[in-house]
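Survey of secondary and tertiary structure
Read off the chains here:
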Amino acid sequence: MTKPPMLTAQQALDHLLSHATPVSECEEVAMQAALGRVLAQDVSCLVDVPPLDNTSMDGYAVRAADTKIPGNILKVAQRIPAGSVGTTLEPGTVARIFTGAPIPPGADAVVMQEDCAIPEGLTDQVQVNIAPVLGQWIRRRGEDLTAGKTALIAGTFLRPQELGVAASAGLTHLNVKRRVKVAAFFTGDELSLPGEPLKPGGIYNSNRDTLLACLKSLGCDATDYGIIPDSLSATRETLRKASKNHDLIITSGGVSVGEEDHIKPAVTAEGRLDLWQIAIKPGKPLAFGTVRKSDEPKDGEAWFIGLPGNPVSSFVTFLLFVRPFILKLQGRDTSSPQSYLMRADFDWPKADRRNEFLRVKINTQGGLDLFPNQSSGVLTSASWGDGLVDCPPGQAFKAGDLVKYIPFNALLA
Ligand code: AMP
Ligand code: MG
């Protein structure tokens, strides 16, 4: 039996990304429905934000020239709450003004109310106790966004703050990419769903909940095809069904080349498959290929990525390979996830030939602690951890050394 080629993580990723092409269909959705979607076209501002110069403090709008000497008493000639507009500020007068209200013409600074005093018995006068700097506490028209300019660019993954930016720019709807459709199934005769009795020699299917939730956090439309027994015909049949309405099929388990591993022959029979050994730990075997949607070539193919069965391996390989593949299908930036150089507060003396991804947690001293059991079957390491240390092949390190840390947060959106 020929051994599959051994690739570095980067080689495997480059290969995957060179095949993926972004989905082209888009749809217009109301702002709240756009959360977790990907913007299909640039958003142009309908208005300046803020639309007018306005005050960022409760206080008094003044002419700075009138308040050069601290302690000056000036007439309060008008009152401008948020949502109303004042009149020109005559020299020697000030305007009582409240946060968000427009600066009246003629005013060039705001003095906050804490720096002013009402002279005894003179309710229409104010004593200004500081000499304000020109422009103080004034938010300028257009300082956030400018009418006609781009507020958000195509390919942006829409988080709550992007929806707010689009709303402040005056939009009610956004043009987003259609969701990437992903089918998932989980191979293994030993698997049961939680809630069902465990079979003798069985375990619960944890990959289902981990991987479906990963897909959801990336904004995919995920379909669960359930637990599939270790049989060639059942695997082929599920691949055929899943290929019809999906862009991508992901599976867990059965990607080795043992007698009970049916992914390779099943995908090969239904399409095309490359089986790789990737020099990473956890998660060595990974399968990549396509499955025909029908016997008609014009109907095209669905992508296929087969992940290893061990729960940490399937989670980590999803984050390292499936996530960027999906980002590319979504038309998003696929550059490396955000990483930080951080201090390891543990020794890692056992350099491995493979690129290791260690489950770690940030401690209160600003360093990283290691989960003691780094086995690929111990999923609590990932739930205890805040992220991964990306440890290059052959590298050992000592406590105090700086290491490359990738937070899970950066990998789950
Ligand atoms: P495999 O990749 O199919 O050889 O499986 C490797 C290991 O992962 C075995 O110990 C399996 O029992 C376990 N495993 C496979 N699939 C799952 C799953 N969906 N949930 C939990 N463990 C799994
Ligand atoms: Mg198996």
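Rules and cut-offs
- Residues numbered from 1 in each chain as written.
- Chains lettered and ligands numbered in written order.
- Predicted model: local features only at pLDDT ≥ 70, side-chain atom pairs only at ≥ 80, totals over all residues.
- Heavy atoms only, no water.
- 1 Å grid on protein atoms, 1.4 Å probe; cavity = no way out; pocket = protein on both sides within 12 Å on 5 of 7 lines; lining within 4 Å.
- Points joined across faces, edges and corners; volume = space filled by probe spheres on them.
- Nonpolar A, V, L, I, M, F, W, Y, C, P; charged D, E, K, R; others polar.
- Domains from an automatic or database assignment.
- Axes fitted to C-alpha atoms, helices over the stretch in contact; angles between N-to-C directions.
- Helix = DSSP H or I, 4+ residues; strand = E, 2+ residues; numbered from the N terminus.
- Parallel < 35°, antiparallel > 145°, perpendicular 65-115°, else oblique.
- Left-handed = near helix turned anticlockwise from the far one by under 90°.
- Contact = heavy atoms within 4.5 Å.
- Near = heavy atom within 4 Å.
- Polar contact = N/O pair within 3.5 Å; in protein donor to acceptor, adjacent residues only side chain to side chain.
- Areas by Shrake-Rupley, 256 points an atom, 1.4 Å probe, with all protein chains shown as cover.
- Salt bridge = Lys/Arg side-chain N within 4 Å of Asp/Glu carboxyl O.
- Pairing = 2+ DSSP bridges.

**Points about empty space enclosed by the protein**
The gaps left among the atoms become clear once a water-sized probe is rolled over them. One pass over the full model with this rule turns up two cavities of 30 Å³ or more. Taken as a whole, the largest cavity spans an internal volume of roughly 50 Å³. Lining the largest cavity, in full, are G36, R37, V38, K177, R178, R179, V180, G219 and Q330. Across the lining of the largest cavity, the residue classes tally to two nonpolar, three polar and four charged. Of the residues that make up the lining of the largest cavity, three or more belong to each of domain 1 (9–24 + 179–330) and domain 2 (26–49 + 151–177). Approximately 30 Å³ is the volume attributed to the second largest cavity.

**What about the packing of helix α4 (residues 232–244) against helix α5 (residues 263–270)?**
To describe two helices that pack against each other, one gives the angle between their axes and the distance between the axes. Contact geometry of α4 with α5 gives a least axis separation of 9 Å together with a crossing angle of 45 degrees. The angle between the axes of α4 and α5 places the two elements in the oblique class. You can see that α4 and α5 cross each other, and the crossing is right-handed. Along its contact with α4, which presents L232, T235, R236, L239 and R240, the element α5 presents I263, P265, A266, V267, A269 and E270.

**Here's the deal with the site of ligand 1**
As a structural note, the neighbourhood of ligand 1 is formed by 14 residues, with E190, N205, G254, G309 and N310 the closest of them. Contacts to ligand 1 include N205, whose side-chain N or O atom sits 2.8 Å from a nitrogen atom. Here N207 contributes a side-chain N or O atom positioned 3.2 Å from a nitrogen atom of ligand 1. Calculation on ligand 1 without its partners gives an accessible area of 490 Å², and the protein chains cover 76% of this total.

**Some points on the pattern of salt bridges**
In the structure shown here, the tally under the stated rule is 14 salt bridges. Two residues, R178 and D247, come together in a salt bridge whose shortest N-O distance is 2.9 Å. Of the two residues, R178 sits in the loop between β13 (173–177) and β14 (181–187) while D247 sits in the loop between α4 and β18 (248–252), which places them 69 residues apart along the sequence. Several salt bridges converge on common partners, so that one network encompasses E25, R178 and D247.

**Focus on the sheet that holds strand β9 (residues 116–117)**
Each strand in a sheet pairs with its neighbour through backbone hydrogen bonds, running either in the same direction (parallel) or in the opposite one (antiparallel). Taken in spatial order, the six strands line up as β8-β5-β7-β6-β10-β9 in an open sheet, and their pairing is mixed. Lying at the two open borders of the sheet, with one neighbouring strand each, are β8 (109–112) and β9. Pairing of strand β6 (residues 72–80) with strand β10 (residues 125–128) involves four bridges; the strand directions are antiparallel. Looking at the pairing, L74 lines up with V126 of β10.

**Focus: the domain arrangement of the chain**
We note that the domain assignment places domain 1 (9–24 + 179–330), domain 2 (26–49 + 151–177), domain 3 (54–139) and domain 4 (340–411) within the chain. The straight-line distance from the C-alpha centre of domain 2 to that of domain 4 is 36 Å.

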